[in-house]
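Notes for the structure review
Listed below, chain by chain, are the residues.
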Amino acid sequence: QEQLQSLKTRVASFCSLCQSCLSDVDAGVQERAFMVLSDLLLVFGPQLPRDGRDALAPLVLLPDAGLQSQLAAFLMDHVFHHACSHEELSATEDTENHIEELHQRRVLLAGFCKLIIYGVLELSSASDVFKHYAKFYSDYGDIIKETLNCTRQMDRQEWARTLLLSLQQLMTELLLQQGPEIRASESFLEIRELARRFSLLFSLHQLRNRPALLSMHKCEGPWGARGAAQGLSLPTHPSVLAREGIQFAFQEALGPGPGLPPLNLPFLEVLSEFSPRLLHADKA
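Attention here is on the structure that accompanies the text.

What counts, and at which threshold
- Residues numbered from 1 in each chain as written.
- Predicted model: local features only at pLDDT ≥ 70, side-chain atom pairs only at ≥ 80, totals over all residues.
- Heavy atoms only, no water.
- Helix = DSSP H or I, 4+ residues; strand = E, 2+ residues; numbered from the N terminus.
- Buried < 20%, exposed > 50% of the residue type's maximum accessible area, 1.4 Å probe, protein only.
- Contact = heavy atoms within 4.5 Å.
- Areas by Shrake-Rupley, 256 points an atom, 1.4 Å probe, with all protein chains shown as cover.
- Lys, Arg positive; Asp, Glu negative; His and termini not counted.
- Salt bridge = Lys/Arg side-chain N within 4 Å of Asp/Glu carboxyl O.
- Expected span 1.5 Å × (residues − 1).
- Polar contact = N/O pair within 3.5 Å; in protein donor to acceptor, adjacent residues only side chain to side chain.
- 1 Å grid on protein atoms, 1.4 Å probe; cavity = no way out; pocket = protein on both sides within 12 Å on 5 of 7 lines; lining within 4 Å.
- Points joined across faces, edges and corners; volume = space filled by probe spheres on them.
- Nonpolar A, V, L, I, M, F, W, Y, C, P; charged D, E, K, R; others polar.

Right, let's get into the overall build of the chain. The number of helices and strands found in the chain is 14 helices and zero strands. For the chain, buried positions account for 45% of its 284 residues. Long-range pairs, those at least 24 residues apart, make up 72% of the contacts in the chain between residues at least 6 apart in sequence. Summing over all exposed atoms, the chain offers an accessible surface of approximately 14800 Å²; the carbon and sulfur share of this is 55%.

Structural data, given as structure tokens:
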């Protein structure tokens, strides 16, 4: 027991040190801290006490909301932000450096995805990855697709809601950037394309997917426990994220002016990409 307590204290201290390094001025230090944290949280994750290792239960280390938020923010800044400028990358003369940097970003992404697959992070955290599936398919498509397949086996309904959450985040970000007139924008069409790709994942086993598809469409109220971590990592309000499908689309617009149409109403077009997958009896 003394050894366990000593090790627990040291692990917690080391985790705190690595967390502080995520905000270091040196990008290399940040990336190294992220990789070490990913491994540390995986080793001391929920699976540690299994298979006859019950005595090790006190060592389980779960990230708090603040750390989850930092990990998600790191992913955006170091993995998806750099990959956005495909034109710049294709124009570079140093192809070898580009390949090496891409490999490093793939390692970072894989580390985050493993935390989701092994239950260290909530499944809803995968929305920070899934929403980039179409845009960065050439760089990370294989990693994200494998994560989609693995998380689908964990909990189909929560997985479906995470897909929906990804689309809701993108929708909210687009509305914040461009205002209500978004239906003709290229970004909105990209969200619909992402929804179409997600819908293909429901093509087989209609009966097995039925509860998941219904939960995406029907108004069943708040879900998940993402909370403050989600609000910190993305420019979206938690109350917007805590609605499903139709309820999200018909959320009333805030501000003066009675009779304004719901701001998220175009989301029905996004949701319609999943509707053909519904059983005939559920479409009503």
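After that view, the rundown keeps rolling.
Looking at where R152 falls in the secondary structure, it is placed in helix α7 (residues 137–154). For the buried R152, which has no salt bridge, the nearest side chain bearing the opposite charge is E146, at an N-O separation of 9.1 Å. Not counting chain neighbours up to four residues away, the residues in contact with R152 comprise W159 and L201.

With that out of the way, let us pick up helix α2 (residues 27–43). End to end, α2 covers 24 Å across 17 residues, agreeing with the expected 24 Å (1.5 Å per residue, within 8%). Those residues of α2 lying buried are Q30, E31, A33, F34, L37, S38, L40, L41 and L42. Tucked into the core, α2 has its buried residues touching α1 (2–21), α3 (65–80) and α5 (95–117). Of the residues flanking the start of α2, the one acting as N-cap is D26, its side-chain oxygen 2.7 Å from the backbone nitrogen of G28.

All right, on to the layout of surface pockets then. The calculated volume of the largest pocket comes to roughly 450 Å³. Taken together, 17 residues line the largest pocket, and the ones lying closest to its centre are K131, K135, L170, E173 and E190. If you list the elements that add at least two residues to the lining of the largest pocket, you get α3, α8 (156–178) and α9 (186–200). Looking at side-chain class alone, the lining of the largest pocket contains nine nonpolar, four polar and four charged residues.

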